[in-house]
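# Chains, contacts and geometry: an overview
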Amino acid sequence: MRILDPSAVQASLANPLFSTDASRPARAASSAGLRPVALAVLTLLAAPALAQTSAPLQLQATPLLAEKLPANVNAPSVVLGDRISGRTELETVIEGNAELRQPGMVARGDKLVYDQATDVVTATGGVRVNREGDRYTATSGQIKVDAVEGFFLQPTYEFIANGAHGQAERLQLLDRDRSTVFQGTYTTCQRQDGADWRPDWILRADRLELDREDDEGRAHGAVLEFKGVPILPMPTMSFPLGERRKSGWLPPTIGLDNKSGLNLSVPYYWNIAPNRDATFTPTVMLRRGVDVQGEFRYLENNYNGRINANLMPNDRLRDGRDRWGYFVRHNGTHDTGIAAIGNVGVGLNLNRVSDDDYWRDFTGRGLSLTTRLLANDGAVSWGRGDFSASVRALKWQTLQDVSAPIVPPYDRLPQVAARWGRINDRGFDYSVEGDFTRFRADSFWTRQPNADRTFMQAQVARPFTRPWGFFTPKVQLHASQYQFDRPLSDGRTSAGRVLPTLSLDGGLVFERSASYFGRAFTQTLEPRLKYVYTPYRDQSLLPNYDTGAYDFNFATIWAENAFAGHDRIVDNNLVTAGLTTRLLDPDTGVEAVRLGIAQRYRFSGQQVVLPGGTPTAKGWSDIMLGASLNWHESWGFDSVIQYNPDTGRNTRTTLQARYSPGPYRTVSMAYRHQRDLNSKYIDFGWQWPLSGLLGGRDELDNKAPARRAGGNGSCSGRWYGVGRLNYSIQEKRLVDGILGLEYDAGCWIGRVVVEKLNSSISSSTKRIMFQIEFVGLSRLGTNPLRTLRNSIPRYQVLGEETTPPSRFSAYE
């Protein structure tokens, strides 16, 4: 540590600009509100800049203002005070409003004594220290400045990272990042005015070890109190001081559902490395038995993945059967070591469970209550320049339900695909792709022969694009060949098909300036016309291995083929017409309004259909009508209507609206009607403050709840209602539902969520999730956050920090 010599400071006082005479105060000091000694020090530090008065002052970036101080900062320490005395290179005594400043630290007290031989500062009387945003007060203390070692007596402390604070009998500084608190307290509840203030929650411990380098706190002989009541005694515990991960036992979780009964889980987290971790979760289910879950995650430069697994031996609700499941995800690129090949992509998606009832008994294990088809999929891909290729193997596990059986899809063992293509080669786009797939399935379910299918598709297009429109003629050729493992109904063991497709697609874009409701816009008018011709080929005897009908919507109405997959190529002789108009912000281009209409006309009836399908007659199709309004960022509206002009009725209707005026405020509603399936649903989701209804604050502003702003024990926080309801109007029943309450008190958050999910026509899974989160310490109970995020559109987690706090936010 280097310190400015007091003799140099005294010498500077001879300058007429400064005076220590109380009867003749310094002009500069009075105008700037600074003490004379402080000005003397500032003059010494600024002398080089003042010598060059002819050049204008230039602001320059400096690492001293970085959030993280650079290593080995060699800068002088500055002392300020009413009186400075001492012996050169031995000791310096600062009395009266004494201050010691160095990069990252400010120490204040009634008296500071600096021993230059030992590099120790002794502070007495009203000691205050700010070290990189962390603040301490004490009656007295010592600090070895460069090493940041020492102690404080009767200290209080506050940490900038999470707002935690407390007090103790003694605080021992071990180095820049580690300290130990004896007979101390720890809480994130912000202190309020008044001598009778008590935090909502507080951790009391015989010894607290605080490690800022690892962002970890360890408490020994600790008791957690909530609302003045001890709720959790802990001989030893660890807790985070920031966002960094650490190994150790996580808080136990308690859950309740109508199938497994009371569930108690005690997870253990293993921070293996910065890019690898694992979690082991033993769970006791009161009605079932003991279940053990595990999760392993890894992240490398070129690949990443996750492995989940669980095992429950002797499930009492399933006749003592062993229940298990595993779910593997891996994606990345790997170097083959062969220069001619280079890197290849590898992807794995493996899902396997012990029995057909797993999907309804174990929700939240990588499966949803609608997932009864489990893919076991592995693929290797390669690409270079215009060419790409892949090899894939896919095998399905189908979870059957006797009340609603499903036909399993075909396994692909294997599938080999390749593609070559170029874009804008002398104005042309062209490509050729081929695919060989071996389809295998149990004929008991499919009632079809297995087959090896080879498929090829070539296409060439010549797009003409201008700012005012586009025109794209395109020609496609589809060819496929089948080899069956048993004869078809006509005796054939092989079949083939070759079909061309011609399409002409064009559109125009007109623009004009417009004004509606006092707001300026750029309005567009975009007509589009597309003609498609594919001749008819009889494909009725061909089995269907991977083909399904496209949903009829604004995107697929322009498709050349009405089917996804390669087993059916629809015969087409049709034209599609559409018209779209938009209102765009002229400055940002943001779309405020979009209106669209589209319809097809068939010059000849469609004859190629899927097994059991109905041909489409010649003439006009249903009309697609769409509208999207985003007039203001707080709300939006979308609608799509499929209208049948022959019957004068809507075939399908989807209406969606949302209102999100600010943080933690969102309401969304959707209405879906599909006449051919005789289904009508209303979907309603929300997250909203319950102002004044449950004893919370009455003001309803658009600001996010302040972190660490509550916790005064008087329910001054805010209640929030959350939920999502999916109701079938036709069946007059709630299909799925989530209802919950959240309470944000600033330093703690409480959540209670009730969930109902239908697992079949006659049964459902119901569970209760309750959690209390002590901000900056831990969470207790069952975590409902994943359910809320996945279910409620635009849900925001209460208490989630968006930006880390700065060490300059409490700069002194």
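Residues numbered from 1 in each chain as written. Predicted model: local features only at pLDDT ≥ 70, side-chain atom pairs only at ≥ 80, totals over all residues. Heavy atoms only, no water.

### Some remarks on the overall build of the chain
- Scanning the chain for helices and strands turns up six helices and 48 strands.
- Counting across all 812 residues of the chain, residues that qualify as buried make up 41%.
- A sequence separation of at least 24 residues applies to 49% of the contacts in the chain between residues at least 6 apart. (Helix = DSSP H or I, 4+ residues; strand = E, 2+ residues; numbered from the N terminus. Buried < 20%, exposed > 50% of the residue type's maximum accessible area, 1.4 Å probe, protein only. Contact = heavy atoms within 4.5 Å.)

### Regarding the nonpolar core
- Judged by nonpolar contacts, the single largest core of 48 residues is most densely connected at Tyr-186, Trp-201, Leu-203 and Phe-239.
- Sorting elements by how many residues they give to this core places strand β12 (residues 201-211) first, with five residues.
- Excluding residues within four positions of it along the chain, Phe-239 makes contact with Tyr-186, Leu-203, Leu-208, Leu-210, Asp-215, Glu-216, Gly-217, Arg-218, Ala-219, Lys-246, Gly-776 and Leu-777. (Core = buried A, V, L, I, M, F, W, Y, C linked by side-chain atoms within 4.5 Å.)

### Description of the confidence of the model for the chain
- Looking at the chain as a whole, the pLDDT averages 83, with 84% of positions reaching at least 70.
- A low-confidence stretch, residues 1-53 (pLDDT under 50), is modelled with 58 contacts involving residues beyond four sequence positions or located in other chains.
- Every residue in residues 692-715 is under pLDDT 50, and counting partners more than four places away or in other chains gives 68 contacts. (pLDDT = per-residue confidence, 0-100.)

### Brief notes about the packing of aromatic side chains
- Summed over the entire model, instances satisfying the criterion amount to 27 aromatic pairs.
- Each ring, one from Phe-444 and one from Trp-445, has its centre 5.4 Å from the other, and the planes form 90°; the classification is edge-to-face.
- Using a relative accessible area of 31% as the deciding quantity, one classes Trp-445 as partly exposed.
- Here a set of aromatic residues connected by ring pairs shows up, and it is made of Trp-201, Phe-226, Trp-719, Tyr-743, Trp-748 and Phe-774.
- The positively charged end of Arg-170 is found above the aromatic ring belonging to Phe-151, 4.5 Å away from the centroid.
- Over the face of the ring belonging to Trp-558 we find Arg-528, whose NZ or CZ atom lies 4.1 Å from the ring centre. (Phe/Tyr/Trp six-rings, centres within 6.5 Å; stacked < 30°, edge-to-face > 60°. Lys NZ or Arg CZ within 6 Å of the ring centre and 35° of its normal.)

### Things to note about the pairing of strand β43 (residues 679-689)
- Sheet analysis places strand β42 (residues 665-674) next to β43, joined by nine bridges and oriented antiparallel. Its bridge partner lying in β43, Arg-672 is registered against Tyr-681.
- Bridge count between β43 and strand β44 (residues 718-728): nine bridges; the pairing is antiparallel. Pairing of Tyr-681 across the sheet is with Ser-728, part of β44. (Pairing = 2+ DSSP bridges.)

### As for the state of the cysteines
- Taken as a whole and assessed by the stated rule, the structure comprises one disulfide.
- Two residues, Cys-189 and Cys-747, share a disulfide whose sulfurs are 2.0 Å apart. The sign of the 65° torsion about the S-S bond sets the Cys-189-Cys-747 disulfide as right-handed. Here Cys-189, found in the loop between β11 (178-186) and β12, pairs with Cys-747, found in the loop between β45 (733-744) and β46 (748-758); they are 558 residues apart in sequence, far enough to count as distant. Take Cys-189 and Cys-747: they sit in the same class, and that class is buried. (Disulfide = S-S within 2.5 Å.)

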